[in-house]
Structure formats: C-alpha cells, structure tokens
Amino acid sequence: MIIMLLIAALMQPQLINVIPVSFNLTIGSGTPMYGLVINPSSSYVTYVNGPGLLYVIANASLTIVAQGVKHESNGSALLFIKQGESRISFINENNYSVYVFYMFQHNSSGGVFYSYNPIGVADYGVALYYDEPLLAYSYETSEVVGVASIRSLSAVDVKSGCGVKAGDGYVDIQLNSIVKAGYGYYIVQDVVVFNGTAASVVDNVWNMTSPNATLSNLVGLGSISSFNGEQYYAYNKDIGELKPPFNLTLAIMVNGDDSAHLSFGYGTQGSLKWFDNVTIINAGKPSIIVNGSSYVKYGVPIDTELVITGPVCGIGAVVKSINATFTLLHKVNESYYPAPYTWGIGTLTGEAVANASSSVGKGIDIEITSNAYEYPGPLYHYVPVIIMTINGSGSMMVPNGYVLNLTLSGLFANSSSIIKPIGFIINETQVIRSSNISVIINGPTEVSTMYSQLFKVTLIGLRGNETPLVYWYPKGYVLRLKEPRYMGLMMLRGYLLNNNTLVKYPEVTLVINGSLTIKVLWSNEVSMGALMVMYIVLPLLSLLVTMILFTLTLSDANWS
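**Side note on the confidence of the model for the chain**
Thinking step 1. When pLDDT is averaged across the chain, the result is 84; 88% of the residues are at 70 or more.
Thinking step 2. Across residues 1-21, where pLDDT falls below 50, the model places 74 contacts with residues more than four positions away in sequence or in other chains.
Thinking step 3. Counting interchain partners and residues more than four positions distant, the pLDDT-below-50 stretch residues 530-560 has 3 contacts.

Here it is in structure tokens:
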C-alpha cells in the first residue's frame, strides 16, 4: 500500500447518492425551521411576530436586515426580535447561491420562549457546511437504533385527551423512521410512554404513500384505528415501573421480499426485546430510508429521528427538567453507524415538548437539557473525505473537526520503474511535501498523494565497458550522452535505443519518459582512409626530423 491511514477507531457512516441540490425544506412540527436557496445577488423577505428569537444558519456570508438594523452573518446568527411584526430580509451579495435555514421562536408570555417541537436528534439527509455547497444525501438500511440515557426527567402535560389529563407528567421517547416498501411509504414509530415512575411501549404504523392512503393487508399483535381521519396501526405493552436514571434502547428492523416485515424492539437496562412483528402483505421489499431530496405526503421529510415529545394525540408537554443523552444509529452490514449530519428538532410525530433543547455532546452523543430556547442544529456532522492514491481511491466519513493523520510509506517498484510518494495535495490547492501530515477536517475534503516516478536506464558499452550500468532517472529528466568518435582502434557507430532506434551521432540528448536501454555500438574495423593517415603520418614525421637534424649539422660545419 502506498498510503496508510492512521485513524483512531470510530464509527463511520456510510453515505451514498451524495448530490448538491436546490431545495425548499421545512423541518419541525411546532415552530418549524425553513430551508431555502437564495440566488446570487438577490434577497428573500419574510415577516415574524415578536417578541422572539430568530435563528439563522447559512453556508456562506449573508446580510440580515431586521427592524432596520443590518447584521452580517458568517455561518450562523441569533437575533432578538422586539414586540410587533418585523420584516426580515436575507440578502445574498455573493455571485453564487447561498443555502439558508431559519427558525423564529415566539415568546408567548412571561419572558419564556415556549415553542413546541419534538426535541432530540434527527437525520434529514441534508448537510449544510459553511463555505461548502449544500449536500442532500440518501441511504437505506435494514435497522435503526436509538439509545437514550435518562439521568433525570420531569414534565407536565398542557391539556387533556386520549386518557391523559392536563397536569399529568407523561412524555414520549420516540424512534421514528420512514419505511419504503415497493411503491409505498410508511411512518413507523417505536415509542416508550413515560410518566415519571412507570412506562409502556407502543408501536405505530402510518401509510404516507398518498393523501388518501389506507392501511390494508396488515397483520400484527395490535389493531388499526383512526385519528383525525388518518388510519394507523398500534400495539401497546406495559413495561412496568421505570424511574430515572435508566438507559433505554429502541430499535426498528425490516426484512422480507414480497411482503414487508417490521419488527419493533426495546430494552430498558439489558438486552433488546422484540415485542411486536408487523407484516404488510404484498407491500414489496422494505427498507428504512433517509432522503434529503424527497418528501412523503403533506410535505413530510424522509428522515429518521430519536426525540422526546408530548405523550399522545398531539398533546404537548412542558419539560420541567431533563438531563439526558441521545444517540441515533443505523445498521450497515453487521455494524452500527451514526447519522452523517444531524439536527435538533423532529418532524415525524404530532406531539411536541417545550422547554427542552438539544446541544452538541461528545462524539456522536447529543445532550438534552431543559432550555427555553430550542437549538435546531446542527448538532454534529460527519463530512466526506476522499483519498486518492496510485492504487485507486477510497472514501470515508469523519466527524467535522476530526484530525486525520496520514502517513506515506513504501515504494511501488517493478522491473522498469520506481514510484516514490513525496507528499499530499489537499482539495487541489494546498501542496504539502511531507510523508507525515495531520489534516483538520472542516468540510468535504479531497486528499491526493503526489509521486516522483523514476525510470530504469541501462547503459551498455559506455566508454567501451561491456558491463551494463544501471541508473534511475525521474520522468522528464534530460540525459546527455557524449562519446568520442574513435577510441584506440575502435570507431563509434552510434547509440541503439531499446533495440529499436539507432542514433548515429557521438552526442545525443534524451528526455526520459519511460524505461530505456542504451547500447553504445563500437566497431573494431577502422576504414582504409584512417589506416593510411595513421601509417603515412609516421614516416613523414621521421623524414622531417632527419632533415632538420641534417640541416643543423651542415650549419655547424659552415660556421666552423
């Protein structure tokens, strides 16, 4: 392997169908959060009724004008809105589109910002990275698991209905998903109803395929009923006494081919128990799906979520106090992975709570606390990392802010070339010439490895030496050879390149673009012209010397 990834053990989400999209998305069932795209050099206007809090996040710089005051936002903004109706302008002064999410939380009375949403952790298949394009992604899985560690919890219900009275202390902890089976879509819910001292577990199935969709050919331990004109399936089982602190696990699993089999499980302290198995006959092969580019009926997003809500029949609850940790996982092969990107408010239920908020925890854990302000997210997100080497490419998902340690090692060699890794290129712009680097991942990242390629050059017969000489030169290297035309009784005939091309000059310049064998050709046969020159010059030199000596002798005699 050219590159070895030194990555600490962590659960990596599996991500497929990652595509940039333009979108309009509504998240939340009480005070919703709206998503929109603002085109280059344009604006979007909305109106809100104060007093309240306006929360805005965007993937690029954005100008917000509220109550005549201009605010510059890079990433996120939290604005206090005064009493009365206010005009809010989102202005995109960039030459590219900006993706924006915003939520307004109205202060109804008493200085408390009571809005109602399911609160927890939700994966909508939508990721918003600052200074990066919005990503909508989708994936399918056979099982989702929600883990809730409840250290303390106290709540009060705000109205009566379906067996609950105003002032009771009921809340739900719900694991909600969308199941696709054939051409149909279903909301499936695994719910623990908790009253502070005891609990029961309930499962629900709702047909969300079309506005007039009904439930038919459905078999399970429960029964089909109707609420506000909508059919739903439900089964209830008592758990018994349950007091904080406790750990709760909820699970939904699907399988089947022609029919969809839905299994619902729970565990309070120990192993998971599957308490109901529902079959939708001839519905088609099922899968639990997250898709940020699509919706089911009523514009409900296709998400998975683990949330705390009011108890039943759309009844809201006010959380007096809560200290809990939520974790949302999905199954890939035989392992469990976190969601790639999560938000703090849910959608797939009619119940909600006030005075609760999600916040970023440690790793993939989400902290749930009593807080009048609902923080919609993002809570945590994983970002795609693509690493390209000479052997191919691979991808992974790592938490935003994760330190990725990369080490180059080894050489790739064969009989004709050597490839040596020399460094890295980050996002096609940053060049790092080192064999060891640490990269802080702050968004989708592409890492390419740089190589120096050396080719084998074999010289045979250089300077008359018949022992082959082997050298390694980098690609593009300019090699200059120069041999004498004569060497003793040998004459240079030229250079034979790769047993194919003959160059008949004593000087040659070659550019190395591949392996090369150079044979220097010498001949022992010297031409007759060269022999005549060699043998005639010697007698002439002897005669000339004799004549000079004879002349000198005569001169000496005459002088005497």
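**What to know about the packing of aromatic side chains**
The relative placement of two aromatic rings is captured by the distance of their centres and the angle of their planes.
Thinking step 1. Tallied over the entire structure, the rule returns 15 aromatic pairs.
Thinking step 2. Taking 5.7 Å as the distance between ring centres and 75° as the angle between the ring planes, the aromatic pair formed by Tyr 55 and Tyr 375 counts as edge-to-face. Of this pair, Tyr 55 sits in strand E5 (residues 42-66) while Tyr 375 is found in the loop between strand E29 (366-369) and strand E30 (382-389), placing the two residues 320 residues apart along the sequence.
Thinking step 3. Under the relative-accessibility criterion, Tyr 55 is labelled buried at 5%.
Thinking step 4. A relative accessible area of 23% places Tyr 375 in the partly exposed class.
Thinking step 5. A ring pair is formed by Tyr 137 and Tyr 139, whose centres lie 6.4 Å apart and whose planes are at 10°; its orientation type is stacked.
Thinking step 6. For Tyr 137, a relative accessible area of 2% corresponds to the buried category.

**Brief notes about the nonpolar core**
Thinking step 1. Among the nonpolar cores identified, the biggest contains 95 residues, and Phe 101, Val 205, Leu 262, Ile 308 and Phe 326 are the most heavily contacted of them.
Thinking step 2. Residues in contact with Leu 262, not counting those within four places in the same chain, are Val 179, Val 188, Val 205, Met 253, Val 254, Asp 276, Asn 277, Val 278 and Ile 280.

**What about the layout of surface pockets?**
Thinking step 1. Its volume calculated, the largest pocket comes out at about 1,100 Å³.
Thinking step 2. Of all the secondary-structure elements, those providing two or more residues to the lining of the largest pocket are strand E12 (171-181), strand E13 (184-194), strand E14 (198-207), strand E16 (223-227) and strand E17 (230-241).

**Describing the environment of Tyr 130**
Thinking step 1. Counting through the fold element by element, Tyr 130 comes out in the loop between strand E9 (126-127) and strand E10 (135-141).
Thinking step 2. In this structure, the C-alpha to C-alpha distance between Tyr 130 and Gly 75, residues 55 residues apart in sequence, is 5.9 Å.
Thinking step 3. Excluding anything up to four places from it in sequence, Tyr 130 contacts Ala 58, Asn 59, Ala 60, Ser 61, Asn 74 and Gly 75.

Rules behind the numbers
- Residues numbered from 1 in each chain as written.
- Predicted model: local features only at pLDDT ≥ 70, side-chain atom pairs only at ≥ 80, totals over all residues.
- Heavy atoms only, no water.
- pLDDT = per-residue confidence, 0-100.
- Contact = heavy atoms within 4.5 Å.
- Phe/Tyr/Trp six-rings, centres within 6.5 Å; stacked < 30°, edge-to-face > 60°.
- Helix = DSSP H or I, 4+ residues; strand = E, 2+ residues; numbered from the N terminus.
- Buried < 20%, exposed > 50% of the residue type's maximum accessible area, 1.4 Å probe, protein only.
- Core = buried A, V, L, I, M, F, W, Y, C linked by side-chain atoms within 4.5 Å.
- 1 Å grid on protein atoms, 1.4 Å probe; cavity = no way out; pocket = protein on both sides within 12 Å on 5 of 7 lines; lining within 4 Å.
- Points joined across faces, edges and corners; volume = space filled by probe spheres on them.

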